Amino acid sequence: ANYEKEAIRSLSSSAWKTPLLLTIAGVLGCIFLFIVAVQVLRVESNFSIAGALTFLLCGVGAAVSAVRLQRSARELKNIDNAADELLRFLSLPVERFDAVNLKSIDRVSQRAKLDHVTLQDSSGRKLLENISLEFTPGRLIGIVASEQIQAQALVELLMGYGRPVSGRMLVDDELISDLKPESLTRCSLWVSPDGPLITASVEENLTGPGGASTSVDLNAILRASKVIEVIQQLPDGLATLITPGDDRLTSDTAFRLGIARANLRSPSIVVIEEPQRHVDPKTEQDTIDSIRSLVKPASITVLLPHRLLTVRQCDVVVLIHDHKVADSGTHSELLQRSELYRHLNYVRFNPFRNLGVE
C-alpha cells in the first residue's frame, strides 16, 4: 500500500511542469523570432543577409521545438503505460498459502522437472510456453535463449520465484504447489557477474555474518574458485574491506568471489550468470575452472553463458526460442544441426565480432 501510494504521488507530482514550461518557452521564442523575421522582411525591400539569417533561425527553432514536442509526447505516453503497468501489478491478488499443510524441503537431492509449463509476467504476456525440461545434479546445464528475458524467467522459476500458469513443476517428484514458497528459494543461490559484493570484508562477503563452519577448508575452496592469489595480494587478506565496484577487483575476480561463496554454502540449485566482457585467455580459463568447481553430484548447476569458452564447457545446452525449447544437446551437436544456434553463437559468443574481425 505504501509503495502504491508513493508511486501514485510521484506520478501525480509537479515534476512534469519543468519540461512543459521549457517547451512553452521554446515555442514562444520561435514565434517571437518568426515575427521579427517577418518585420525585417517587410521593412527591407530586398532579401538581405540579415533577413535570411533571421528567417533561418526561425526555421531551425521551429524544427527543434517540433522534435522536442514529439519527444515529450512520446515520453508522456511511456509514463502512462508504465503507470498502468504498475497499477495492474499492484492490483493483482496476492496468492495465499495454507502453510500448515505445505511441506518444507532443505535440499533438492534428485531433480527438478518442468512438465508442459507455461509462464506469464504480471501483465499476462507470455514468457515461456509448454516447456518440458529436467534438471539433474552433476551436470553443467547452459541456457541460451533468443531473448535473454526468457532464459532469466526460466532460471528464476527454477529457483522458486513465481509459479507457472499451467503445467506442472516438480521438485524431487513433489509438486511445487505442495511446498512452502520459500523452501526452494532457501536452497538456491544466484551468482551474478558482480558477485554480488557488499560493503564488508572479503571473509564476510564469502561466509556471511555467521562465518564458515569450522569443518570447511576455506583455503581449499578459495584455491578451487581461483581467487586465493588475488586475496593474498590484498592489503589485509581476508580482512580487507571491499565494496561493490571495487577497482582493486576485476569483474572476473568479483564473479569468482561469488563462485567461492557458492562453494562454501553448497546450495542445491546454483544459477550462474557470467560476466559479458571478454578478457585475456588465462583469466577466462581460470573463470571456467571456477565454474566447473560448482558442478557437484548433489547440486543442480545452471549457467547463463556469455563467452564462447564457457558455453563449450556445458555438458548440455538448452536452446529456447519463441518461448519454447527449440533444441538441446552439446555445443558441438547444436552447431551441426541448428541454424538458429549457429546464428546466436556468432551474435552472442564471437569475441571478435565487435572488433570487425571475421
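This report concerns the structure included in the present document.

1. A closer look at the environment of S146
Summarising the element assignment, S146 is placed in the loop between β3 (140–145) and α4 (148–158). S146 sits in the partly exposed class, given a relative accessible area of 24%. Residues S146 and D322 lie 176 residues apart in sequence; the distance between their C-alpha atoms is 7.6 Å. When near neighbours in sequence (up to four residues on either side) are disregarded, S146 contacts I320, H321, D322, L344 and R348.

2. Comments concerning the pairing of β3
Where burial is concerned, most of β3 is hidden: 6 out of the 6 residues are buried. The two faces of β3 match: L140, G142 and V144 on one face and I141, I143 and A145 on the other face are all buried. Relative to strand β10 (residues 300–304), β3 runs parallel, the two sharing 3 bridges. Counterpart to G142 in the pairing with β10 is L303. In the sheet, β3 pairs with strand β11 (residues 316–321) via 5 bridges, with the strands oriented parallel. Across the sheet, the residue bridging to V144 is L319, located in β11.

3. Here's the deal with the pairing of strand β12 (residues 324–329)
In this structure, β11 lies alongside β12, joined through 5 bridges in antiparallel fashion. Directly across from V318, in β12, lies its bridge partner S328. Turn length for the β11-β12 hairpin, with the two strands adjacent in sequence and antiparallel, is 2 residues, and the turn residue D322 shows positive phi of about 55 degrees.

4. Regarding helix α9 (residues 251–265)
Between its first and last C-alpha atoms α9 spans 22 Å; for 15 residues at 1.5 Å apiece the expected length is 21 Å, and the two agree. Most of α9 sits inside the fold, with 13 of its 15 residues counted as buried. Following α9 by one or two positions, S266 adopts a phi angle in the positive range, close to 50 degrees.

5. Considerations on the sheet that holds strand β4 (residues 166–171)
Taken in spatial order, the 4 strands of this open sheet run β2-β1-β4-β5, and their pairing is antiparallel. Strands at the two margins of the open sheet, each flanked by one partner only, are β2 (126–135) and β5 (174–175). Packing against the sheet, α4 makes contact with β1 (112–120), β2 and β4, and its axis sits at approximately 55 degrees to β2.

6. So, unusual backbone geometry
Note that the residue after G195, namely P196, is joined by a cis bond; omega there is -5 degrees. With respect to the helices and strands, the residue P196 is situated in the loop between β6 (188–191) and β7 (200–201). Of note, the phi angle at D173 is positive, near 65 degrees, even though the residue is not glycine. Checked against the element boundaries, D173 lands in the loop between β4 and β5. The partly exposed category is assigned to D173, whose relative accessible area is 44%. Despite not being glycine, D322 has its phi angle at roughly 55 degrees, a positive value. For D322, the position within the fold is in the loop between β11 and β12.

7. Digging into a nonpolar patch on the surface
A surface patch of nonpolar side chains, amounting to about 370 Å² of accessible area, comprises I24, L28, I31 and I35. By the element assignment, I24 lies in helix α2 (residues 17–43). On the basis of relative accessible area, I24 is assigned to the partly exposed category, the value being 42%.

Parameters and conventions
Residues numbered from 1 in each chain as written. Predicted model: local features only at pLDDT ≥ 70, side-chain atom pairs only at ≥ 80, totals over all residues. Heavy atoms only, no water. Helix = DSSP H or I, 4+ residues; strand = E, 2+ residues; numbered from the N terminus. Buried < 20%, exposed > 50% of the residue type's maximum accessible area, 1.4 Å probe, protein only. Contact = heavy atoms within 4.5 Å. Pairing = 2+ DSSP bridges. Expected span 1.5 Å × (residues − 1). Axes fitted to C-alpha atoms, helices over the stretch in contact; angles between N-to-C directions. Patch = residues over 30% accessible without salt bridge, like charges linked within 9 Å, V, L, I, M, F, W, Y side chains within 5 Å. Areas by Shrake-Rupley, 256 points an atom, 1.4 Å probe, with all protein chains shown as cover. Salt bridge = Lys/Arg side-chain N within 4 Å of Asp/Glu carboxyl O.

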